[in-house]
Amino acid sequence: MLRFFTLNILFFIACSVSAGDDAIPAPLTGARGDPGRGRALVANRQVGLCLLCHSGPFPEERFQGNLAPDLRNAALLTEGQVRQRIVDPGKANPGSMMPAYFRTEGLTRVAPAFKGKTVLTAEQIEDIVAYLVTLK
Amino acid sequence: MGRETRAMQDDDATNPAVLWLLDGEALWSRKAGEAAKACADCHGDARSSMKGAAARYPGFYSAKEKIINLDQRVNLCRIERQQAPAFAYESRELLALSAYIGRQSRGMPIDIKADETTKPFLDAGRAAFNRRQGQLNLACSQCHDDNWGKSLAGNPIPQAHPTGYPIYRLEWQGLGSLQRRLRNCFIGVRAEPYAYGAPEFVNLEFYLMWRARGMKLETPAVRP
């Protein structure tokens, strides 16, 4: 059941991308995420990893990255564009250094513990999208 | 590197790696293996015979038609000349000997030359450095060429010039090889590291040392 569901999602993403979109308008899970959980995921250095590269409105986090634009920049994007940039940033910008958080193909030498797994789950991505759109 | 760490490194009285240097010096003149020979029996005083040697490693080993690093060179002498078993990678003995040999080149410029023979190995190392890999799909070059000097969650990204290996890390509370450091970056991007001594790893080391050519060797360096 879960497997079928995942395949469905992947199929959906493949369609929206081949349509030439730079956005994924609908939630991956069919439902909006939770912004509070999303904020915690973004700040988590082992799970979201976002603050390795990005900065954002996290006064309690002393160490933030400066390899990437401040996350408040997400305000310039639509919700669907934000989702696409987390699912697979290379689709919007082929040279992007940002990891694709919801992709398992086309990767090289993935460590056995992570093989076949996406960096985040669909639910986690929706939580993060829900948080980022509150930064507008 | 902070001023305090640099001062600790440059003074043999405070450099914590000095314990390994003393071990290395003792091993240099200790007879070993079936041949009952010490390194010193063939090479004499390391302070003169090994001057500049570490600055030329990794290098081409014609008998095997491949590039070998200094640890592997030491083990070849163990096996072929001393007729003794090889030391394990990251063992205290191997790190001690490599640090002691490296110490004799301290302050000398890294002297790796690319020629027709070594070019394929250099190219393989460069390709590995530029290849995106792991679940996070990051290439070494994306951090160490494109973003060095910037902050990765508060950690300054260095240029990845391996001028001080084997190195003493306060974080490790001990000495470690360049390959141990490379494993950390592989694990960081969630890629499968190569086995110690694998040709892919040695070619990557060779490329990194070539990239740092002309810079002064500071073995054994100290880092937080």
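Residues numbered from 1 in each chain as written. Chains lettered and ligands numbered in written order. Predicted model: local features only at pLDDT ≥ 70, side-chain atom pairs only at ≥ 80, totals over all residues. Heavy atoms only, no water.

Visitor: How would you explain the overall build of chain A if you had to name every residue and give the values?
Guide: Broken down by element type, chain A carries five helices and zero strands. Reading chain A from its N terminus to its C terminus gives the helix and strand order α-α-α-α-α. Taken over 136 residues, chain A has a buried fraction of 42%. Taking the intrachain contacts of chain A between residues at least 6 apart in sequence as the baseline, contacts between residues at least 24 apart amount to 52%. Looking at chain A as shown, the accessible area adds up to about 7200 Å², and 61% of this sits on carbon and sulfur atoms. (Helix = DSSP H or I, 4+ residues; strand = E, 2+ residues; numbered from the N terminus. Buried < 20%, exposed > 50% of the residue type's maximum accessible area, 1.4 Å probe, protein only. Contact = heavy atoms within 4.5 Å. Areas by Shrake-Rupley, 256 points an atom, 1.4 Å probe, with all protein chains shown as cover.)

Visitor: If you had to explain the nonpolar core to someone new, which residues and values would you point to?
Guide: Looking at soluble globular proteins, one finds that nonpolar side chains tend to be buried together. Val42, Ile86, Ile125 and Leu132 of chain A together with Trp28 of chain B are the most contacted members of the largest nonpolar core, which has 79 residues in total. With eight residues, the single largest contributor to this core is helix H10 (residues 199–211) of chain B. Counting contributing residues, this core receives three or more from each of domain 1 (3–103) and domain 2 (119–223) of chain B. If we ignore the near neighbours within four places in the chain, the residues touching Ile86 of chain A are Met98, Pro99, Ala100, Tyr101, Phe102, Ile125, Ile128, Val129 and Leu132 of chain A. (Core = buried A, V, L, I, M, F, W, Y, C linked by side-chain atoms within 4.5 Å. Domains from an automatic or database assignment.)

Visitor: Run through the domain arrangement of chain B, naming residues and quoting values.
Guide: All names here are of chain B. Considered domain by domain, chain B is made up of domain 1 (3–103) and domain 2 (119–223). Counting residues at the interface gives 28 residues for domain 1, matched by 23 residues for domain 2. At the boundary of domain 1 with domain 2, total buried surface from both sides reaches about 2100 Å², with 72% on carbon and sulfur atoms. By the criterion of area lost to domain 2, the three top residues of domain 1 are Gln9, Ile67 and Glu90, representing 25% of everything that side buries. Between domain 1 and domain 2 we count one salt bridge in total. With a shortest N-O distance of 3.8 Å, Arg6 and Glu218 are connected by a salt bridge. Our enumeration of links across domain 1 and domain 2 arrives at seven residue pairs in polar contact (both at pLDDT 80 or more). If one sorts the elements of the side of domain 1 that touches domain 2 by residue count, helix H6 (residues 92–103) sits on top with five residues. Its residues placed into classes, the side of domain 1 that touches domain 2 shows 15 nonpolar, seven polar and six charged. (Buried area = accessible area lost by both parts, 1.4 Å probe. Salt bridge = Lys/Arg side-chain N within 4 Å of Asp/Glu carboxyl O. Polar contact = N/O pair within 3.5 Å; in protein donor to acceptor, adjacent residues only side chain to side chain. Nonpolar A, V, L, I, M, F, W, Y, C, P; charged D, E, K, R; others polar.)

Visitor: So what's going on with the packing of aromatic side chains? Which residues, and what values?
Guide: Taken as a whole, this structure holds 10 aromatic pairs over all chains when the rule is applied. A ring pair is formed by Phe58 of chain A and Tyr131 of chain A, whose centres lie 6.0 Å apart and whose planes are at 50 degrees; its orientation type is tilted. With Phe58 of chain A in the loop between helix H3 (50–53) and helix H4 (79–87) and Tyr131 of chain A in helix H5 (residues 122–132), the pair connects residues that are 73 residues apart, well separated along the chain. Here the two residues Phe58 of chain A and Tyr131 of chain A agree in accessibility, since each one is buried. Each member of the aromatic cluster is reached from another via a ring pair, and the members are Phe129, Tyr207 and Trp210 of chain B. The ring centre of Trp172 of chain B lies 4.1 Å from the NZ or CZ of Arg180 of chain B, which sits over that ring. Just above the ring of Trp210 of chain B sits the side chain of Arg213 of chain B; from NZ or CZ to the centre is 3.9 Å. (Phe/Tyr/Trp six-rings, centres within 6.5 Å; stacked < 30°, edge-to-face > 60°. Lys NZ or Arg CZ within 6 Å of the ring centre and 35° of its normal.)

Visitor: Describe the interface of chain B and chain A, listing the residues and the values that go with them.
Guide: Taken together, the contact pairs 23 residues of chain B with 27 residues of chain A. When the two sides are added together, the surface that chain B and chain A hide from each other amounts to roughly 2100 Å², 56% of it contributed by carbon and sulfur. Where chain B packs against chain A, one counts zero salt bridges. On inspection of chain B and its partner chain A, the count reaches 11 residue pairs in polar contact (both at pLDDT 80 or more). For the side of chain B that touches chain A, the elements supplying multiple residues, two or more each, are helix H8 (140–144) and strand E3 (151–152) of chain B. Among the residues making up the side of chain B that touches chain A, the classes are represented as 10 nonpolar, eight polar and five charged.

Visitor: Which residues make up the sheet that holds strand E6 (residues 174–176) of chain B, and what values go with them?
Guide: Residues and elements named next belong to chain B. The three strands are arranged E6-E5-E7 in an open sheet whose pairing can be described as mixed. Each edge of the open sheet carries a strand with a single partner, namely E6 and strand E7 (222–223). Here strand E5 (residues 167–169) pairs with E6 via three bridges, running antiparallel. The residue of E6 that forms the bridge with Arg169 is Gly174. (Pairing = 2+ DSSP bridges.)

Visitor: Outline the environment of Phe206 of chain B, listing residues and values.
Guide: Residues and elements named next belong to chain B. Considering the arrangement of structural elements, one finds Phe206 in helix H10. Of the residues examined, Phe206 reaches a relative accessible area of 2% and is grouped as buried. Remark: the alpha-carbon pair of Phe206 and Pro58, spanning 148 residues in sequence, is separated by 5.4 Å. Excluding its chain neighbours within four sequence positions, the residues that come into contact with Phe206 are Pro58, Ile67, Ile112, Lys113, Thr118, Phe121 and Leu122.

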